[in-house]
Amino acid sequence: TYVNLATVRSTDFDNTSLQQDVDEAYVTILAHTLMTVNKDTSNTTLEVNDTVTYTITIANEGDTDLTGMYVTDSIPEGLTHIDCDCSITPAAVCGNASPIDFTGGAVSMGTLPENSVMTITCTYDIESSAPEGLSLNKVEVNATDVNGETLLRKDVVETVILKPHVEIEKWASDSYAEPGSTV
């Protein structure tokens, strides 16, 4: 909060003070908060035994730190966690969880400093139990700004999991064959 103080003085022609008035105004400057979330994938079409990398980018474009940050990444069924890495640019400590593993739900990522970007990169294997078809991988980020407001941002990335389909049909030209004959 800043105080703007104004003083008014007046004098007559003889330079005699006539009146003095003082007034003040209080100005509160609110913090600028802007958090964005983006989720991307290394490959949108996957098959069993493939490895996929998902990248979550959280940007704090505001002029204050975001605290109490939690990231929830809904990992599709049939994906097995291999590894996650985290970095913040400019350099800062990345999160409270080590190692990062989203299979248990929300992960505390601590504080994201003002004007910085957190990048979380996670790698998964596609197992045979993964359901075929469209798979939605959603991320949700919660954080608190300097005014105590809770921020919630979401993003989703779509991948398609393909599984091979083989059909074999067999028929014979004759319903009866002698041993040694060609069918």
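Residues numbered from 1 in each chain as written. Predicted model: local features only at pLDDT ≥ 70, side-chain atom pairs only at ≥ 80, totals over all residues. Heavy atoms only, no water.

S.K.: Would you mind going over the packing of aromatic side chains with me for this structure?
M.R.: Each pair of aromatic rings is reported with the distance of its centres and the angle of its planes. Per the stated rule, a full pass over the model turns up one aromatic pair. Taking NZ or CZ as reference, Lys39 lies 5.0 Å from the ring centre of Tyr54, over its face. (Phe/Tyr/Trp six-rings, centres within 6.5 Å; stacked < 30°, edge-to-face > 60°. Lys NZ or Arg CZ within 6 Å of the ring centre and 35° of its normal.)

S.K.: Explain the sheet that holds strand S9 (residues 116-126) to me, please; I cannot follow it from the model alone.
M.R.: What the four strands build is an open sheet, ordered S3-S5-S9-S7; its pairing is antiparallel. Looking along the sheet, the strands with just one partner apiece sit at the ends: strand S3 (35-41) and strand S7 (79-89). Ignoring which end each strand starts from, the neighbouring axes of this sheet average 15 degrees apart. Where strand S5 (residues 51-60) meets S9, 10 bridges bridge the pair, whose relative direction is antiparallel. (Pairing = 2+ DSSP bridges. Helix = DSSP H or I, 4+ residues; strand = E, 2+ residues; numbered from the N terminus. Axes fitted to C-alpha atoms, helices over the stretch in contact; angles between N-to-C directions.)

S.K.: Hey, could you run me through the sheet that holds strand S6 (residues 66-74) in this one?
M.R.: With mixed pairing, the five strands of this open sheet are ordered in space as S4-S11-S10-S6-S8. Two strands lie at the open edges of the sheet, namely strand S4 (45-47) and strand S8 (107-112), each paired on one side alone. The average undirected angle you get between the axes of adjacent strands in this sheet is 30 degrees. Where S6 and S8 come together, four bridges link them in antiparallel fashion. Paired with Val71 across the bridge in S8 is Val107.

S.K.: Help me understand the pattern of salt bridges in this model?
M.R.: Note that side chains of opposite charge can pair when their charged atoms are close. Summed over the entire model, instances satisfying the criterion amount to two salt bridges. Note that Asp73 and Lys39 form a salt bridge whose closest N and O atoms lie 2.2 Å from each other. Taken together, the residues Asp73 in strand S6 and Lys39 in strand S3 connect sequence positions 34 residues apart. Under the relative-accessibility criterion, Lys39 is labelled buried at 4%. Lys154 serves as the salt-bridge partner of Glu140, at 3.9 Å between the closest nitrogen and oxygen. Placement of Glu140 in strand S10 (residues 133-144) and of Lys154 in strand S11 (residues 150-162) is noted, with a sequence separation of 14 residues between them. Judged by its relative accessible area of 29%, Glu140 is partly exposed. (Salt bridge = Lys/Arg side-chain N within 4 Å of Asp/Glu carboxyl O. Buried < 20%, exposed > 50% of the residue type's maximum accessible area, 1.4 Å probe, protein only.)

S.K.: Looking at this model, I keep getting lost on the side chain of Thr159. Mind explaining?
M.R.: Relative to the helices and strands, Thr159 resides in strand S11. You can call Thr159 buried: its relative accessible area is 1%. Setting aside residues no more than four positions away along its own chain, Thr159 makes contact with Thr41, Asn43, Thr44, Leu46, Tyr54, Gly133, Leu134 and Ser135. (Contact = heavy atoms within 4.5 Å.)

S.K.: Looking at this structure, I do not really get the state of the cysteines. What am I missing?
M.R.: Two cysteines, two sulfur atoms, one covalent bond between them: this is a disulfide. Within the structure shown, the criterion is met by one disulfide. Disulfide pairing places Cys84 opposite Cys122 at an S-S distance of 2.0 Å. Between Cys84 and Cys122 the sulfur-sulfur dihedral comes to about 115 degrees; the bridge is accordingly right-handed. Note that Cys84 is positioned in strand S7 and Cys122 in strand S9, a separation of 38 residues in sequence. For the pair formed by Cys84 and Cys122, the shared burial category is buried. (Disulfide = S-S within 2.5 Å.)

Keep in mind these numbers describe shape, not what the thing actually does.
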